[in-house]
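Below, each chain spelled out in residue letters.
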Amino acid sequence: MCVPSFVHERINIHHTMNKLKYNLEFVEFALAFLVNQVYNPVQISASGKRTDKETSEMRKFTKYLALALAVMLCLGALAGCTGGKGPVEPTQPADNGGNDPVVSTVKTVEAGKLHMSTNAAFPPYEMLADDGSFEGIDVEVAAAIAKKLGLELVVDDMGFDAALTAVQTGKSDIAMAGITVTDERKEVMDFSDSYATGIQVVIVKEGSPIETVDDLANAQMIGCQKATTGYIYCSDTPENGGYGEDHVTAYETGALAVMALVNGQIDAVVIDNEPAKSYVAANEGLKILDTEFAVEDYAIAVGKGNSELLDAVNKAMAELKADGTFQSIVDNYIKAE
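Please read all numbers here as calculations on a predicted model, not as lab measurements.

(A) Fine view of the pattern of salt bridges. With the rule as written, the count across this model stands at 5 salt bridges. The shortest N-O distance in the salt bridge between Lys-148 and Glu-319 comes to 2.9 Å. Of this pair, Lys-148 sits in helix H4 (residues 137-148) while Glu-319 is found in helix H10 (residues 307-322), placing the two residues 171 residues apart along the sequence. When the shortest N-O distance is used, the salt bridge between Lys-226 and Asp-161 registers 3.4 Å. Pair noted here: Lys-226 is in the loop between strand S8 (222-225) and helix H7 (229-235) and Asp-161 is in helix H5 (residues 160-168), with a separation of 65 residues, a long-range link. Taking the relative accessible area as the measure of exposure, Lys-226 reaches 36% and is therefore partly exposed. Residue classification places Asp-161 among the partly exposed residues on the basis of a relative accessible area of 24%.

(B) Just the nonpolar core, in detail. Ile-145 and Ile-174 are the most contacted members of the largest nonpolar core, which has 33 residues in total. Taken together, the elements giving at least two residues each to this core come down to strand S1 (113-118), H4, strand S4 (152-157), H10 and helix H11 (325-333). With near-sequence residues (within four places) excluded, Ile-174 lies in contact with Leu-114, His-115, Met-116, Ser-117, Ala-142, Val-167, Ile-300, Ala-301, Val-302, Leu-309 and Val-313. Ranked by size, the runner-up nonpolar core spans 16 residues in total, among them Val-213, Ile-222, Val-248 and Ala-294.

(C) Quick look at the packing of H4 against H11. The N-to-C vectors of H4 and H11 enclose an angle of 155°; their axes lie 9 Å apart at closest approach. As summarised for this structure, H4 and H11 are arranged roughly antiparallel, according to the angle between their axes. With respect to the hand of their crossing, H4 and H11 are arranged in right-handed fashion. Residues Ile-137, Glu-140 and Val-141 of H4 form the contact with H11, whose own contacting residues are Phe-326, Ile-329, Val-330, Asn-332 and Tyr-333. Across the contact of H4 with H11, the residue classes break down as 6 nonpolar, 1 polar and 1 charged.

(D) Representation of the side chain of Gln-200. Within the element layout of this structure, Gln-200 appears in strand S7 (residues 196-205). Side chain to side chain, Gln-200 and Asp-272 meet in a polar contact 3.1 Å long. Each residue touching Gln-200, except ones within four places of it in the same chain, is listed here: Thr-229, Gly-230, Val-270, Ile-271, Asp-272, Glu-292, Phe-293, Ala-294 and Glu-296.

Rules behind the numbers
- Residues numbered from 1 in each chain as written.
- Predicted model: local features only at pLDDT ≥ 70, side-chain atom pairs only at ≥ 80, totals over all residues.
- Heavy atoms only, no water.
- Salt bridge = Lys/Arg side-chain N within 4 Å of Asp/Glu carboxyl O.
- Helix = DSSP H or I, 4+ residues; strand = E, 2+ residues; numbered from the N terminus.
- Buried < 20%, exposed > 50% of the residue type's maximum accessible area, 1.4 Å probe, protein only.
- Core = buried A, V, L, I, M, F, W, Y, C linked by side-chain atoms within 4.5 Å.
- Contact = heavy atoms within 4.5 Å.
- Axes fitted to C-alpha atoms, helices over the stretch in contact; angles between N-to-C directions.
- Parallel < 35°, antiparallel > 145°, perpendicular 65-115°, else oblique.
- Left-handed = near helix turned anticlockwise from the far one by under 90°.
- Nonpolar A, V, L, I, M, F, W, Y, C, P; charged D, E, K, R; others polar.
- Polar contact = N/O pair within 3.5 Å; in protein donor to acceptor, adjacent residues only side chain to side chain.

Printed below as a string of structure tokens:
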């Protein structure tokens, strides 16, 4: 039956009938001209002019031919509609046993790619490998999410604050850099469900008079990575639990802050626990205080209002956790103690 194919293909029937009408009028005109050429030489009166009867008969003949042709066109159309293939059904995604991407298409900064802004100086979450490539928990998790979305991951390395700005301004699709969810950040960007717990700790030199978090109040200078929550907490006013901007130095990376500590330029570094472990292991004479400075949640940042991408990321992350992929990635970088 022809009608279902019109429905499935959403053809505007009224528009189609109008086109058919115009086509028939053109055919009628063309046939009239053709018949006139054939009829005129042999069907004229002795006076050299057509009689009214001759003209009337020619017109009738023309209309009959046009009607016959119209019937043939309609039959041809009907035959085309029922000609073997049947109704055109909407395309359905292939079933590959549940391994399809979470979504087939998601609007991204660059078609076919998922741009992740990060600061690749935050081990073990993001860092440079010996061959110059990017590695770390966030990098591998982002790659796994991109794969589920049918996209290719592109890592854009920059300063931490620049990484946050990039996702706010649409320069990147997501930001992952051990990013803590705060009320201030939620005003300018959206966050995925939390995927890790971050613990802020204090690094000092062995033998330092700073033995607890409370002793930080006596520090002459504290080092933090620029724009991180460690810097935000420490640079806040004493009334709000901080130490004041005059007692805090912001560094572009945590590694630079640790180097300043090694060189005696500052008294302590406040930074996330996991990178702190890496820095202490690589620099003899440093230690991490036993007391925690702050406990936070890490999440993936996306542009404000980009609910389509946010939902897709959350769904992909949930699947990675459910099938054990996420924990496997974490275990590869953080060994159980």
